[in-house]
Amino acid sequence: MAIRPRFRRVAALQREFVDREPLLRAFEEEIGRVRDALAGRASSPRVLNVTGVGGIGKSRLLRELRVRAPEGWRAASLDLQVPAMRQQEDALAVLRAELGGQGVRFDRFDLAYAVLWQRIHPHLRISRETLPFVEDSGILTEIVDSVAGLPVFGTALGLLKAAEKVATDARRRSRIRHDETLSSLDDLPNAEVVDAVTFLFAEDLRAASQRRPYVLTIDTYEALVPEPTRSGRTQLADVWLRDLIAQLDRGLVVIAGREPLRWDIYDADWRGLIRTCSIDGLPMEARLALLGSSGIAEEGERQRLAAASAGLPFYLHLAVDTGGSGAEDDSGSDGDATGPRLARVAATQREILQRFLQHVGPDEVRTLEVLGVARIFDLEIFRALTAALQLPGHVTAWESISSYSFVYPAGAQSRFHQLMAQALRDRLSEPARLELHRHLRDAWTRRAFEDPEDGGITGQEASRTVDGRMLADPIAFREMVFHALPIGEVTGTELLDLAEVAVRGGSESAADGVLADLREFLRDNPAKATPELTQTAQVLGVEAVLRSGESTKALELTPDQTWNTSTPVGARFAVAAGQARRIAGRTSEALTLYHQVWSGHDDTARMGAGLWAADLHMCQGRFVDAERFATELDAIAARRHPEARGDVARLRHLAHRFAFDFATSQRLLDEAATHYQTARSYLGNANIKTNRAELLAFIDAETALTEARAAIEVQTEIGAQHELGKCHTAIAVASLRLGRLDHAEVAFSDAVEALTRASYRSGLARARLYGAALEVRRGQLDVARASMTWAVSELEAAEVYPTLIMAAGIALRELGIEDGDVTQACQRAEHAIQPLTTLDDVKGRIDVFVRDLLGLDEAAR
């Protein structure tokens, strides 16, 4: 194959850009405005909106504008044609990596992004493998390198403390410590944490851009907001991008799309900040000059091609590719020194496309058709497909394909121009397209997952697997799902399982991508929009908003209805609806849904519903119901993962502890610990330490102090305030039982602080109830009575722990204090309890516990 005349294309590009003087002039003027604003210290965002039809050359122009950025300015780009770049978190990570490589320090953004990532993936540790840009982040790398096996961070507090320890620069350390946004992350719901992450990205970039402004280009805006625009929820698709750009006031943002931006419709503040520059087809003189400088010498041929192209550079460059392809024309002529002639008149743009393909070798045409079905591809995918279809897959063939004018970079991969991709797909029959989707699905699948049996998965990674699969490559994962949808070989249940693989594997954006691709598939293929797939999209949508902590929105997406739990997808939809109601405090409704799902047959749905139902039964004193659920859950868990068995054993441990059967509780705690150790579950093992300290506080106070301090060390690294509160409560109870009242007082104070910070209502009520025993031992009976009555009212309001309410009643009785409200609460509690033995047995154990806690037996001796 002849080498294409690349030097001719350079000349052609120069000719093309000469005719784009209005745009280049507008770019220079906007650059000047940015400079003036920075000099005056009163800047605002500036947006240059480049518009034009497909094929007009917008992408080439964006690349040229980045090259023309003033010396010393930074430049970065987003291509929204690449699916991953339409996700807010991924887009920020891409920009962060590109700008970070040009000297911008993103310390605050990196920390906030890590907090958001950790909140969404609480079961994973931050590492070079899990977080996208740890290697590029100075602050995160220092943390990872300074702490062997960086632990999970449940809140920002733990991560910020670690950052302060490793930051050697005093100004940098002070900046992190005193940043109000970072300090407030723990108090924000996930949706607002995302906004905070965007804000800190802009703030870090702003701090680095006073002397070095930037040019940010964003290509294919219509891929983010498809037509018809501005209708329904579509207008919300670009909210994150508008919010980001509104804060980028130290540079110029250039956005290319087919239609002008209309952001001022939603926010009048955009008026005057967006300059639209429309790109029209090249005039005839420029078309002829471009074709001539590219080696097409014959005047008549240039005229025909120029007219057929309608001035769109895409078709002109394609004609150049044809002329320089080195293939023979239809007449058999070898062509002249300036390139082969086209055999006949090219009368239309479509004909230019067809003539190009006729002047490419058969194998190369077939390869182009194969790649045209792919959204993105790289050398590995190229080789996998060519091997499967017995096409040339050597490096020379790859370089020939990738050198065409219609091949664009797409992150680490490549993509075809949309017009070429569509033209190639149109040449294929439906069976041929489906066959290629199947080959692409298989090729991406091999890259999407890591095999846990190959010896490469250790430590916390074991808890990242679902049905033996662990996410290895989020981009490959999303492409695998994209190509599985058209061939109809993925069910709704499998899509839900795949989304779980993505979330457990640390890629929230991959799970969101499954949802986005499914919605697009259903919209574009109404004939294939089965009820199951339609409902699957609903489930994925609810799960996405639940992960972001938007319970109100989750309720809106799951209005009251007759829930069909007879199908796996329907059952999981009901579980998601139950979660929305549980978080919103509608406990009885949630429990009803859990019970309905529990009566079904889908293991995954039953496991989720059963664990939450059993937990609610346990908290509300229905120990028989909790045990009934636990028995069946254990059978399901045995078919799944050791971590699930640990969850069931831990649930049983808590049930027996709140029934004051401490011996059985200890046995079950040991069983849970064994399962968590087998699963290598970091969070499971950490929480077992807290539970062990809580139990030992009641039966072995001295050992409890040692265990609680060890648990505090782990939970401080994690930053889990509710777990820290429980650890401090355990120390307080143990100190109280040992007669160390001053130590107990300090520990109770620490517990109240942590539990209040965590908004852990029932945990705070427990701490206040146990704290009343300290007040009794100090002779402060009036204060103790007030503490007990307050704790009882809180426990009743939360509808939890009737055995603790009975403990308060027994304590007041032992002290000879009458309280009508507590007495009535105890009567209600007795009716609520389902004892595993007898109610008298439970009451007897509570009586022993209360007398020990109050020190009454010691006083009697």
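Residues numbered from 1 in each chain as written. Predicted model: local features only at pLDDT ≥ 70, side-chain atom pairs only at ≥ 80, totals over all residues. Heavy atoms only, no water.

For the rest of this paragraph, the subject is the overall build of the protein chain. Across its full length, the protein chain carries 41 helices and nine strands. The 861 residues of the protein chain split such that 56% are buried. Excluding contacts between residues fewer than 6 apart, the proportion of contacts in the protein chain whose partners are at least 24 apart in sequence is 70%. A total of about 34900 Å² of accessible surface is found on the protein chain, and carbon and sulfur atoms cover 50% of it. (Helix = DSSP H or I, 4+ residues; strand = E, 2+ residues; numbered from the N terminus. Buried < 20%, exposed > 50% of the residue type's maximum accessible area, 1.4 Å probe, protein only. Contact = heavy atoms within 4.5 Å. Areas by Shrake-Rupley, 256 points an atom, 1.4 Å probe, with all protein chains shown as cover.)

Our focus in this paragraph is empty space enclosed by the protein. Remark: the empty space left among the atoms is shown by a probe the size of a water molecule rolled over them. What the rule picks out here adds up to six cavities of 30 Å³ or more. In this model, the largest cavity occupies a volume close to 180 Å³. Contributing to the lining of the largest cavity are 18 residues, with Arg657, Glu694, Phe698, Arg766 and Tyr770 lying nearest its centre. Per-element accounting of the lining of the largest cavity gives the leading share, five residues, to helix 34 (residues 721-737). When grouped by side-chain class, the residues that make up the lining of the largest cavity number 11 nonpolar, three polar and four charged. (1 Å grid on protein atoms, 1.4 Å probe; cavity = no way out; pocket = protein on both sides within 12 Å on 5 of 7 lines; lining within 4 Å. Points joined across faces, edges and corners; volume = space filled by probe spheres on them. Nonpolar A, V, L, I, M, F, W, Y, C, P; charged D, E, K, R; others polar.)

Once that is clear, we can look at the nonpolar core. Leu111, Phe201 and Phe477 are the most contacted members of the largest nonpolar core, which has 224 residues in total. Among the nonpolar cores identified, the runner-up in size contains 21 residues, and Leu24, Leu48, Ala69 and Leu252 belong to it. (Core = buried A, V, L, I, M, F, W, Y, C linked by side-chain atoms within 4.5 Å.)

Here we take up helix 37 (residues 781-798). The terminal C-alpha atoms of helix 37, which comprises 18 residues, lie 26 Å apart, in line with the 26 Å expected from a rise of 1.5 Å per residue. Three or more residues of helix 37 are buried, namely Ala784, Ser787, Met788, Ala791, Val792, Glu794 and Leu795. What you see down the axis of helix 37 is that its buried residues fit within an arc of 165 degrees, all on one side. Buried residues in helix 37 make contact with helix 36 (761-777), helix 38 (802-814) and helix 39 (820-832). (Expected span 1.5 Å × (residues − 1). Arc of directions from axis to C-beta.)

Turning our eyes to something else, we now look at the pattern of salt bridges. Pairing is possible between side chains that carry opposite charge, provided their charged atoms lie close to one another. Per the counting criterion, the structure on display carries 51 salt bridges. Note that Asp442 is salt-bridged to Arg441, the shortest N-O span being 2.7 Å. Judged by its relative accessible area of 30%, Asp442 is partly exposed. The salt bridge involving Glu632 is made with Arg606; its shortest N-O contact spans 3.2 Å. Placement of Glu632 in helix 29 (residues 623-638) and of Arg606 in helix 28 (residues 603-619) is noted, with a sequence separation of 26 residues between them. (Salt bridge = Lys/Arg side-chain N within 4 Å of Asp/Glu carboxyl O.)

Here the focus is the confidence of the model for the protein chain. Looking at the protein chain, pLDDT values average 82 and 81% of them are 70 or higher. Between the elements of the protein chain, mean pLDDT differs from a low of 42, seen in helix 1 (residues 6-18), to a high of 96, seen in helix 38. Residue range residues 148-152 is modelled with pLDDT below 50. Its contacts to residues more than four positions away, or to other chains, number 19 contacts. Across residues 324-347, confidence stays below pLDDT 50; counting only partners more than four residues off in sequence or on other chains, it has 47 contacts. (pLDDT = per-residue confidence, 0-100.)

Turning our attention to the sheet that holds strand 4 (residues 251-257). Note on sheets: strands pair through backbone hydrogen bonds, and any given pair is parallel or antiparallel. Strand order across the open sheet formed by five strands is 2-3-4-1-5, with parallel pairing between neighbours. In this open sheet, the two edge strands, each paired with only one partner strand, are strand 2 (74-79) and strand 5 (274-278). Geometrically, the sheet is characterised by an average inter-axis angle of 15 degrees between neighbouring strands, direction not taken into account. The sheet contact formed by strand 2 and strand 3 (residues 214-219) spans six bridges and is parallel. Across the sheet, Ala75 pairs through a bridge with Val215, a residue of strand 3. The sheet contacts of helix 4 (residues 88-100) involve strand 2 and strand 3, and relative to strand 2 the element is tilted by about 155 degrees. (Pairing = 2+ DSSP bridges. Axes fitted to C-alpha atoms, helices over the stretch in contact; angles between N-to-C directions.)

With respect to the helices, strands and loops of the structure, Arg96 is situated in helix 4. Owing to a relative accessible area of 2%, Arg96 belongs among the buried residues under this scheme. Ignoring any residue separated from it by four or fewer positions in sequence, one finds Arg96 in contact with Phe106, Phe109, Asp110, Phe133, Asp136, Ser137 and Phe201.

Right, let's talk about helix 34 for a bit. Under the 1.5 Å per step criterion, the end-to-end length of helix 34 is 24 Å for 17 residues, consistent within 8% with the ideal 24 Å. Taking burial as the measure, the 17 residues of helix 34 include 16 buried ones, the bulk of the element. At the C-terminal side of helix 34, Gly739 shows a positive phi close to 80 degrees.

Let us look at the packing of aromatic side chains. Inspection of the entire model under this criterion finds 21 aromatic pairs. Ring plane angle 65 degrees and centroid distance 4.9 Å describe the contact between Trp263 and Trp270, whose orientation is recorded as edge-to-face. Trp270 carries the same exposure label as Trp263, and that label is buried. Ring centres of Phe449 and Phe477 lie 6.1 Å apart, and the angle between their planes is 85 degrees; on these two criteria the pair is classed as edge-to-face. Pair noted here: Phe449 is in strand 8 (residues 449-450) and Phe477 is in helix 21 (residues 474-487), with a separation of 28 residues, a long-range link. (Phe/Tyr/Trp six-rings, centres within 6.5 Å; stacked < 30°, edge-to-face > 60°.)

Turning next to the packing of helix 26 (residues 568-583) against helix 28. Relative orientation of the contacting elements helix 26 and helix 28 amounts to 25 degrees, with a least axis distance of 9 Å. Relative to helix 28, the element helix 26 lies roughly parallel. In the packing of helix 26 onto helix 28, the handedness of the crossing is left-handed. Mapping the contact onto sequence places Ala571, Arg572, Val575, Gln579 and Arg582 in helix 26 and Thr604, Ala605, Ala609 and Trp612 in helix 28. The residue makeup of the contact of helix 26 with helix 28, split by class, is five nonpolar, two polar and two charged. (Parallel < 35°, antiparallel > 145°, perpendicular 65-115°, else oblique. Left-handed = near helix turned anticlockwise from the far one by under 90°.)

Here we come to unusual backbone geometry. We note that Gln390 has phi near 55 degrees; this positive angle belongs to a residue other than glycine. Here Gln390 shows up in the loop between helix 17 (379-388) and helix 18 (395-402). With a relative accessible area of 75%, Gln390 lands in the exposed category.

As a further point, take the pairing of strand 6 (residues 407-410). Across four bridges, the pairing between strand 6 and strand 7 (residues 413-416) is antiparallel. Across the sheet, Pro409 pairs through a bridge with Ser414, a residue of strand 7. Hairpin connection of strand 6 to strand 7: two residues between the antiparallel strands, including Gly411 at a positive phi of 65 degrees.

The residue His743 is located in helix 35 (residues 741-757) in this model. Along the chain, His743 and Ala732 lie 11 residues apart, while their C-alpha atoms are 7.1 Å from each other.

What follows deals with the environment of Asp238. By the element assignment, Asp238 lies in the loop between strand 3 and helix 11 (239-246). Beyond its immediate sequence surroundings of up to four residues, Asp238 is in contact with Tyr221, Leu224, Val225 and Trp263.

Here we come to the side chain of Glu222. Summarising the element assignment, Glu222 is placed in the loop between strand 3 and helix 11. Beyond its immediate sequence surroundings of up to four residues, Glu222 is in contact with Ala256, Gly257, Arg258 and Gln418.

Here Val514 lies in helix 23 (residues 508-524). In this structure, the C-alpha to C-alpha distance between Val514 and Ala502, residues 12 residues apart in sequence, is 9.3 Å. With sequence-adjacent residues up to four places away left out, Val514 is seen in contact with Phe477, Val481, Leu495 and Leu540.

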